[in-house]
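Fold and contact review
Residue-level listing of the chains:
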Amino acid sequence: MKQKRSKPSSACRVLISGLVQGVGFRPFVWHLANEYKLCGWVKNVAAGVEIHLEGEPAKLEEFLARLPQKAPLLSRIDRMTHSPAPSLGAKDFAILATEEATEGTSITIGPDLGICPDCLAELFNPASPRYRYPLIACTRCGPRYSVTRHLPYCREATTLAPYPLCPDCASEYGNPADRRFHAEATACPRCGPEHFLLDSKGERLDEDPASGAWARIEAGEIIAIKGLGGFHLVCDATNFDAVATLRQRKLRDAKPFALMAANRASLAQWVEFDEPAAHLLESEARPILLLPRKQVAPSPLNGVAPGLDRLGVMLPATPMHWLLFHAAAGKPEGMKWLEEAQATLLIMTSANPGGEPVLYRDEAAIEKLAGVADAFWLHRREIVTPVDDSLLLPMLAESAPPIFIRRARGYTPKAIFLSDSLSDSAPDVLDVLALGGYLKNTVCLTRGREAFLSQHIGSLDNAATIRFLERTLAHLCQTFAIKPAAIAHDLHPDFPSTRLALELAEKLAIPAFPIAHHHAHIAAVCAEHQIPPARPVLGLALDGFGLGTDGTLWGGELLRVEGASCRRLGHLSPLPLPGGEMAAREPWRMAVALLYQSGEKGRIASWLKRRFPDQNAAPLMLMLEKGINVPQTTSLGRLFDAAAALLGIASHNRFEAEAAMLLESLATPLPCSPPEPLYRVENDALDLSPLLLSLVEENNPAEGAARFHQVLALALSDWAIAQAKAEKIEEIALAGGCLQNALLSRQMVVHLERAGLRPLLPQAVPPGDGGLALGQAWIARELAK
């Protein structure tokens, strides 16, 4: 926070920017002003919050000192300025109406938040008018971004506008001393949106929704529940048949499901977590965490994440979730049960059929989930912007922050602050829009030093997700009242995001900048760590694929990045992809390619007969010999596939990165031993074929998986350390989807730090393609100057 001070007079004007609307900031100012017996007013304005103060100079001084120290927990003050002002003769302190937003505003809005302790206590208090009302909210919790049409944040700008407040709610809403003062999403059963239960055909059922939903879950049925940012599909996680039915109906053979438990005590039997992970689970963001699973035999959760050593777990985020657990516990009185271990475990998976975006409109959910959901628990609070659950990977290591897999509910649209090497008011700081990549798409909009990364949009392989991308772009620009001066996109010309970027650039008459995929990966890490563009960093970009500047498929790159400048220092030795994209879906093809290229053609038949006898290598051999449909790639992701196949762990990826995840799961429990030097560097290319060839005859897949991870971490680190010395650079940014492998990330950080380097890991955005848009925007700001 920057604070400009001038000696206060008997009257002064204060302007505060940041996350200061929709978080109880004006009531806080009202309380503080009354405490110091100051007169004047506070109001929401386009720039944030404006305050006029009159009173004794000493009291004004104390007020200005305490305000940033005692600001509401959910607020964030980015800048605070104050200056002398003429006295208006104010007799008391008032909260004034909100000003309309205009282009160039600097206000923002907070993310949707899980239910707060005060609202939770009301929810289960029979004397409360909101007893068991699932849309309870206040200034400390509930929906924000998902229900807001535009800024400033006020009830008229949200989907609660059609619901006039009853006298009791209006009294709370208008009382600065109440936590619901200007809580724009506040409601009660008398004046708020209703909730109800429907059968599978969409017919209303005349029964208590929470009790009816739980009865059906207990009977093995699948329920669609409308949450904060969209629909979930819910069933009993301990009912193997119910989980299998959900997989069959959702066409989700093996991809893991998220698991919801009532509290940390209920999770202790199933997963390992430390205190920081527990605090993250219980935070207002309520993300899903990927935590190591405990070995429980026999486990009733075998169908939740088959073959994986981690479970994605979460705690109740909404009142509807809590009401389900309350019903499952027999509707106990009081609050004690909230802390006690509960036997109930629920599958809580996004309702997004066919890889499309999460469903969020009632009619569409009833139509598209026909034959999937046995009943629907709905509410009439409209969702403007769907926001999926956030997913994080705790590193469970000292001082290591968690890594985002998916950044969405609870975090979007929090601003990420860029380097202040350029002044906010400098004429060459331009607002830019970046449209991300193809997989795990997000978009990013900048405003001065702020970067707003959208919620997770998804992979652009279907029309519904492309339409969602277009809507998200429009909503983000409208919400923050920003007209971009430039657009950034991926270098690949055929991505839907690229085509949309070029169309928008032509329509708005602004430049469009193509950004190399792996340059953007490293730039995203630089952006969130506030690296000035003029400061060079080394970068390791490790992922599945991305188009390189030479027109080939990259994915294992050692780069030197200096703002908009990027130089390739080295790469993994290239491997052919037999069948192109098919090789990413069938890891056994990568194993065949590795053996063929390494001069081990004679071992292919015996290896394949032993590992995957149903596969036929003859067509692949023909492709490789004639060079037909075998593009070269330097992708580390494909080496993970090759390793998993060579060990007989997986022949096919039933979902993205399944083979790599199974490989990591097998390796994790084994102790680390000094790795063998099964790698070499030739002409700046890191050759890992000796490591991979050592797996061909390995009879213990777990030992082979551990060896692969240990040697890989050492090889990548030694390679980077040598280049860091040559380039005289001490900072190295690590990015790309392979960084979601906790075992690899942790070992690399240890090696790099021991060598005296400073590894920079993604913390605010995903290391994979979900963070690309931030990196694109960071580079485009430089190019557009």
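A brief structural summary. (Residues numbered from 1 in each chain as written. Predicted model: local features only at pLDDT ≥ 70, side-chain atom pairs only at ≥ 80, totals over all residues. Heavy atoms only, no water.)

**Things to note about the state of the cysteines**
Tallied over the entire structure, the rule returns zero disulfides. Cysteine Cys12 shares no disulfide, and the gap to the nearest cysteine sulfur, in Cys39, comes to 13 Å. With a relative accessible area of 1%, Cys12 lands in the buried category. (Disulfide = S-S within 2.5 Å. Buried < 20%, exposed > 50% of the residue type's maximum accessible area, 1.4 Å probe, protein only.)

**Concerning the sheet that holds strand β19 (residues 432–434)**
Sheet architecture is open: six strands sit in the order β18-β21-β20-β19-β22-β23, paired in mixed fashion. Every interior strand has two partners, whereas the edge strands, β18 (415–417) and β23 (512–515), have only one. Averaged over all adjacent pairs, the angle separating strand axes in this sheet is 25 degrees, with direction ignored. Of the strand pairs in this sheet, β19 and strand β20 (residues 444–447) are connected by two bridges, and their pairing is antiparallel. Opposite Ala434, over in β20, you have Cys444 as the bridge partner. Across the face of the sheet, helix α23 (residues 772–783) comes into contact with β18, β19, β20, β21 (450–453), β22 (486–490) and β23 while running at roughly 145 degrees to β19. (Pairing = 2+ DSSP bridges. Helix = DSSP H or I, 4+ residues; strand = E, 2+ residues; numbered from the N terminus. Axes fitted to C-alpha atoms, helices over the stretch in contact; angles between N-to-C directions. Contact = heavy atoms within 4.5 Å.)

**Observations regarding unusual backbone geometry**
For residues that are not glycine, phi is negative in most cases, and the peptide bond is trans in most cases. The peptide bond linking Thr412 to Pro413 adopts the cis configuration, its omega dihedral lying at 10 degrees. One can find Pro413 in the loop between β17 (403–406) and β18. In this model, His182 sits at a positive phi of 50 degrees, which is unusual for a non-glycine residue.

**Digging into the layout of surface pockets**
Its volume calculated, the second largest pocket comes out at about 780 Å³. Looking at the second largest pocket, it is lined by 36 residues, and the ones nearest its centre are Ile115, Cys116, Pro117, Asp118 and Arg140. Of all the secondary-structure elements, those providing two or more residues to the lining of the second largest pocket are α1 (25–35) and α3 (117–123). Partitioning the lining of the second largest pocket into residue classes produces 21 nonpolar, six polar and nine charged. (1 Å grid on protein atoms, 1.4 Å probe; cavity = no way out; pocket = protein on both sides within 12 Å on 5 of 7 lines; lining within 4 Å. Points joined across faces, edges and corners; volume = space filled by probe spheres on them. Nonpolar A, V, L, I, M, F, W, Y, C, P; charged D, E, K, R; others polar.)

**Some words on the pairing of strand β13 (residues 310–314)**
By the criterion of burial, β13 is predominantly enclosed, with five of the five residues buried. By the alternation rule, side chains of β13 split into Arg310, Gly312 and Met314 and Leu311 and Val313, which are all buried. As defined by bridge partners, strand β12 (residues 288–292) adjoins β13 across four bridges and the pair is classed as antiparallel. Bridging from a neighbouring strand, Leu290 pairs with Gly312 of β13.

**A closer look at the nonpolar core**
Residues Leu369, Leu540, Trp607, Leu636 and Leu716 are the most contacted members of the largest nonpolar core, which totals 117 residues. Here this core takes 13 residues from helix α21 (residues 701–727), the largest share from any one element. Sequence-distant contacts of Trp607, defined by excluding residues within four places in its chain, comprise Trp588, Ala591, Val592, Leu595, Phe612, Ala645, Leu646 and Val696. Formed by 40 residues, the second largest nonpolar core is a distinct cluster that contains Ile288, Leu324, Trp337 and Leu338. (Core = buried A, V, L, I, M, F, W, Y, C linked by side-chain atoms within 4.5 Å.)

**A short note on the packing of helix α5 (residues 209–218) against helix α9 (residues 319–328)**
In the contact formed by α5 and α9, the axes pass within 9 Å of each other and the chain directions differ by 65 degrees. Comparing their axes, α9 and α5 come out roughly perpendicular. With respect to the hand of their crossing, α5 and α9 are arranged in right-handed fashion. Contacts between α5 and α9 involve Ala210, Ser211, Ala213, Trp214 and Ile217 from the first element and Leu323, Leu324, Ala327 and Ala328 from the second. In terms of residue class, the contact of α5 with α9 is built from eight nonpolar, one polar and no charged. (Parallel < 35°, antiparallel > 145°, perpendicular 65-115°, else oblique. Left-handed = near helix turned anticlockwise from the far one by under 90°.)

**A closer look at the side chain of Ser75**
You can see Ser75 is positioned in the loop between α2 (57–70) and β5 (76–84). Separated by 2.6 Å, the side chain of Ser75 and the backbone oxygen of Pro72 make a polar contact. When residues no more than four places from it in sequence are discounted, the contact partners of Ser75 are Leu19, Val23 and Phe25. (Polar contact = N/O pair within 3.5 Å; in protein donor to acceptor, adjacent residues only side chain to side chain.)

**Concerning helix α15 (residues 587–597)**
Summarising burial for α15: 10 of the 11 residues are buried, a large majority. Among all positions of α15, only Pro587, Trp588, Arg589, Met590, Ala591, Val592, Ala593, Leu594, Leu595 and Tyr596 are buried. The first or second residue beyond α15 is Gly599, which carries a positive phi of 75 degrees.

**Considerations on the packing of aromatic side chains**
Scanning the entire structure with this criterion turns up eight aromatic pairs. Their ring planes at 70 degrees and their centres at 5.6 Å tell us that Phe25 and Phe28 sit as a pair that is edge-to-face. Placement of the pair is Phe25 and Phe28 together in helix α1, with a separation of three residues, close to one helical turn. A centroid spacing of 4.1 Å and a plane angle of 20 degrees characterise the contact between Phe452 and Phe480, whose relative ring orientation is stacked. Residue Phe452 is found in strand β21, and its partner Phe480 is found in the loop between α11 (463–479) and β22; the two are separated by 28 residues along the sequence. Its relative accessible area of 0% is what places Phe452 among the buried residues. On the accessibility criterion, Phe480 (0% relative accessible area) is buried. Through successive ring pairs, a cluster of aromatic residues spans Phe124, Trp322 and Trp337. Above the ring of Trp41, the side-chain terminus of Lys43 is found at 5.1 Å from the ring centroid. (Phe/Tyr/Trp six-rings, centres within 6.5 Å; stacked < 30°, edge-to-face > 60°. Lys NZ or Arg CZ within 6 Å of the ring centre and 35° of its normal.)

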